[in-house]
Amino acid sequence: MGENQQGQIPTDVYLSFVRSLYGNRMTLRAGMVAHVTVSILLYIKVRDPAYIAFGCAILANWMVRFYSMTRFDRVRFSTDDRATIAWWERMSIVGGGMTAFLLGVMCGYAFLVTRDTFAEIAVLSVTLSLMVSVVGRNFGTKITVYVVTLAACLPIMISLLLVGNIYMVVLALLVLPLAVTTISMANGVREFLYENVLSRREIALIADRFNAALNNMPHGLFMLDENSRIVVANKKAAELLTAPSRDMLRDHSLMAVLRYGVRRGVITPGRAKIIQRQLKSLIDGDESRALVYFTDELYLEFSAKRRKSDGVVLIFEDVTARIKAEEKIVHMARYDSLTGLSNRGYFSEIVENAVRNMRDDEKFALAVVDLDDFKHVNDTNGHMTGDRLLCAISARLAGMADESMTLSRFGGDEFVLFIRDVKDTNHVDEIMSQLFETLRGTYLINGNKLFVSLSAGVVIGSKADFKLDDLQIKADLALYETKHHEKDSWVIFAEEMDEKYTKRQKLKTALRDAVREKSFTVVYQPMFTADTIQVACCEALSRWFHPEFGAVSPAVYIPLAEEMGIVGELTRHMLQVACRDCAGWKNGAAVSVNLSANDLRNKDIVTMVTEALDAAGLDAKRLQVEVTESAFVQDAAKAKAILRELRAKGVTIAIDDFGTGYSSLSYLNVLPLNKIKIDRSFVSDITNDERTLKLLKGVVHLSRELGLEIVVEGVETEEQLELIRSTNSADLIQGFIFGMPMPSSGISELTSGMSAGMGHAAILAAGSK
């Protein structure tokens, strides 16, 4: 019967069946009246007082049962208290069984004693009617069915057998299938109802779970019928569409819901029509997803899925926060955060699209504008003042620009303008003159009057020869010419300026060849211990001499190598030579190699270092790598991970030019450093400026508190050296006081001399050779 594993039906179902035994009391009262009436009629008919006794017993039993039922009504059942439910089931069984037994005995009395046809028919009729009630009323529990059926049938069977008539014996045997059929029918009714109760309960449970799931969804949901009317809507749908309840949405079309939004002022009529078209496209299957704009503060993203039967399920969510975030990200990606002008990347995109849509004969101008001596503003008034000045200039620039101009700030104090539909150089001069009149002048920033003058380079181009990178180079060349000859003016690019560009291109080619052929020499600048003036480490520096260009400064070719993406091969060469030379130095001095920002974005740099150490047979503790703040600007996390890996191998990590950037102090905390190299700007004036000396001491104290070794760069005089030594402001000292950078053989001689006991003065003399 669907019972559980312990052979019990669920308690709540059990309770409902027991309640059925105490229900429908009118039939119970009618049966009692019929039974007592038959008893009285039999007494009148046969004058046997036994029937009065039977009637009284039946009435007394009914009164006890009625009293029991009134008590049952006052009981507050708990589905956890199965024992109480079972007790009331037994009470019902006793009452029903007693009624069936009295009728069965009265029937047997009529057959055995009275032997009156009316009496036999009358009592048999009321007894059979009781059997019907077993199916219709007492089916609730199996034991009730058995007790009532047997209590009624057994006395009848016994009495018929005792009559001794063969016909009565047959009749007695026929009572048995009646009892079996009655029991079977009652059990069938109970099984049927039980299955229905369980089904209804399961359906109710599923419906409740579905309702809970539906109304706890983070998304809104509409289930539409074939006429696009809402048949199911969840709570979130009502919230998103500002409807009072989800019930209000049912049986309405989507257009009706949109009209409701128009009446409440949530959306405009025009917007409602647009939304209707978007949703119709989804419902018709033309699209599977649509972003729907309701208001500036509400964007909903809808997706549609057709049901197996006619109709569609629409699921939608509030994506306002995502859209706002995406808009913010796009704005941040496209516009300069300080001035609000387009940045380099977005400017390039706008310009390329504009040129693509130009007429073939249309000309344009690209202007690069630079503020004169802007660094002086930052140095004297602070970077905040400098930033506000840039914002004020940007506001004036945006105010004078028309539809033909696209503005950008590439960084620092560099502004770039793209001007469409220019006629000739005279027209460009007019535009630039207006630009300079607008931007040049006095600005009041933070109470300071700042006079601003400009320099600019302009290049004129056409659609046919458009290459943005080349145009920017030419505009930069024109700007260089302006600054080289006369500031506060502009120069339009001329072809002769291209010679410098050509020379730069040749230099790039020569540099690529030099890197491939390893045409660089390596020299070393020693770092001496502050206390004993012993060579502890040497910084490896590359030098390049070209037959055509002569000695090319590292300040020229290293940035060029970074731009060309070949600085990694130069670094590999430096690592290999430096490690090999260092392995030959007898006093165990270390060697230091500079890593560029590109190197710290190169996943192969750790392998380069390892291969160089292994090839030279050099202990990793004798290798130091130097990095500057610029190495962490683009991908600080990756650079930090590479440095940690190098340090784990035993390589010393030093930060170079410390104190020249904006965030040096923060790097001391987050980077895996062993050493800092204090920039020469901290040293140049320490003998004359007590504040500079105090600043140097403060940096040294902070670094030592963090467990870092200190190298002071740029020491050039005896006075600086003695002051640094006397104040214990350095662990290592590096500078021209010990001489210019020298080849590896010079380092070997120097370390050999020190091993021989060369004094301080002798070291200075040897280094200056």
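Residues numbered from 1 in each chain as written. Predicted model: local features only at pLDDT ≥ 70, side-chain atom pairs only at ≥ 80, totals over all residues. Heavy atoms only, no water.

What follows covers the overall build of the chain. Within the chain, the secondary structure is distributed over 27 helices and 21 strands. Taking 2.2 N^0.38 as the reference for a compact globule, 769 residues should give roughly 27 Å; the C-alpha atoms of the chain span a radius of gyration of 51 Å, well beyond that estimate. Considered along the principal axes of its C-alpha atoms, the chain spans approximately 155 × 75 × 50 Å. For the chain, the proportion of its 769 residues judged to be buried stands at 46%. When contacts within the chain are restricted to residue pairs at least 6 apart in sequence, those whose partners lie at least 24 apart make up 63%. A total of about 38900 Å² of accessible surface is found on the chain, and carbon and sulfur atoms cover 55% of it. Considering the chain, the positive charge centre built from 86 side chains and the negative charge centre built from 93 side chains are found 12 Å apart. (Helix = DSSP H or I, 4+ residues; strand = E, 2+ residues; numbered from the N terminus. Rg over C-alpha atoms; globule rule 2.2 N^0.38 Å. Buried < 20%, exposed > 50% of the residue type's maximum accessible area, 1.4 Å probe, protein only. Contact = heavy atoms within 4.5 Å. Areas by Shrake-Rupley, 256 points an atom, 1.4 Å probe, with all protein chains shown as cover. Lys, Arg positive; Asp, Glu negative; His and termini not counted. Charge placed at Lys NZ, Arg CZ, Asp CG, Glu CD.)

The next thing to look at is the pairing of strand E11 (residues 454–462). Each regular strand carries side chains that alternate between the two faces of the sheet. Taken across its nine residues, E11 has eight buried, putting it largely inside the fold. Relative to E11, strand E6 (residues 363–371) runs antiparallel, the two sharing nine bridges. Note on E11: the bridge partner recorded for Ala365 is Ile460. Bridging between E11 and strand E12 (residues 490–492) involves three bridges; their strand directions are parallel. Across the sheet, Gly457 pairs through a bridge with Val491, a residue of E12. (Pairing = 2+ DSSP bridges.)

Further remarks concern the sheet that holds strand E1 (residues 220–224). If you trace the five strands from one edge of the open sheet to the other, you get E2-E1-E5-E4-E3, paired in antiparallel fashion. Where the open sheet ends on each side, the last strands, each with one partner, are strand E2 (230–233) and strand E3 (289–295). Strand after strand, the sheet turns through a mean of 25° between neighbouring axes, direction not considered. The pairing of E1 with E2 spans three bridges and is antiparallel. Bridge pairing in E2 links Phe222 to Ala233. Across the sheet, helix H11 (residues 269–283) is in contact with E1, E3, strand E4 (298–306) and strand E5 (312–318); its angle to E3 comes to roughly 165°. (Axes fitted to C-alpha atoms, helices over the stretch in contact; angles between N-to-C directions.)

With that settled, consider the nonpolar core. Counting residues in hydrophobic clusters, the biggest one holds 83 residues, and the most contacted among them are Leu511, Tyr524 and Leu646. Of all the elements, helix H20 (residues 567–583) adds the most residues to this core, at eight residues. Aside from chain neighbours lying at most four places away, what touches Leu646 is Leu595, Val606, Val609, Val625, Val651 and Ile653. Ala122, Val126, Ala151 and Ile156 belong to the second-largest nonpolar core, a separate cluster that totals 47 residues. (Core = buried A, V, L, I, M, F, W, Y, C linked by side-chain atoms within 4.5 Å.)

Per-residue confidence for the chain gives a mean pLDDT of 84, with 93% of residues at or over 70. When mean pLDDT is taken per element in the chain, strand E16 (residues 590–594) scores highest with 95 and helix H27 (residues 760–767) scores lowest with 51. Of the regions scoring below 50 in pLDDT, residues 1–7 engages in 12 contacts with residues more than four places distant in sequence or in other chains. (pLDDT = per-residue confidence, 0-100.)

Those residues of helix H19 (residues 554–564) lying buried are Tyr557, Leu560, Ala561 and Met564. Along the axis of H19, the buried positions cluster into a sector of 105°, meaning they face one direction only. The secondary structure elements touched by the buried residues of H19 are helix H18 (498–517), strand E14 (535–546), strand E15 (550–552) and H20. The distance from a side-chain oxygen at the start of H19 to the backbone nitrogen of Ala555 is 3.1 Å, and the residue carrying that oxygen is Ser553. Looking at the residues trailing H19, positive phi occurs at Gly565, about 80°. (Arc of directions from axis to C-beta. Polar contact = N/O pair within 3.5 Å; in protein donor to acceptor, adjacent residues only side chain to side chain.)

The five strands lie next to each other as E7-E8-E6-E11-E12, forming an open sheet whose pairing is mixed. Edge strands, defined here as strands with exactly one partner in the open sheet, are strand E7 (405–411) and E12. Ignoring which end each strand starts from, the neighbouring axes of this sheet average 20° apart. Bridge count between E6 and strand E8 (residues 414–422): eight bridges; the pairing is antiparallel. In the strand pairing of E8, Val368 is matched with Val416. Of the strands in this sheet, E6, E7 and E8 are in contact with helix H15 (residues 383–400), which crosses E8 at around 5°. In the packing of helix H16 (residues 425–439) onto the sheet, contacts are made with E6, E7, E8, E11 and E12, and the angle to E11 comes to roughly 150°.

Where H18 meets H19, the axes come as close as 10 Å, and the angle between the chain directions of the two elements is 80°. Of the possible angle classes, the one that applies to H18 and H19 is roughly perpendicular. Contacts between H18 and H19 involve Arg504, Leu507, Lys508, Leu511 and Arg512 from the first element and Val556, Tyr557, Leu560, Ala561, Glu563 and Met564 from the second. (Parallel < 35°, antiparallel > 145°, perpendicular 65-115°, else oblique.)

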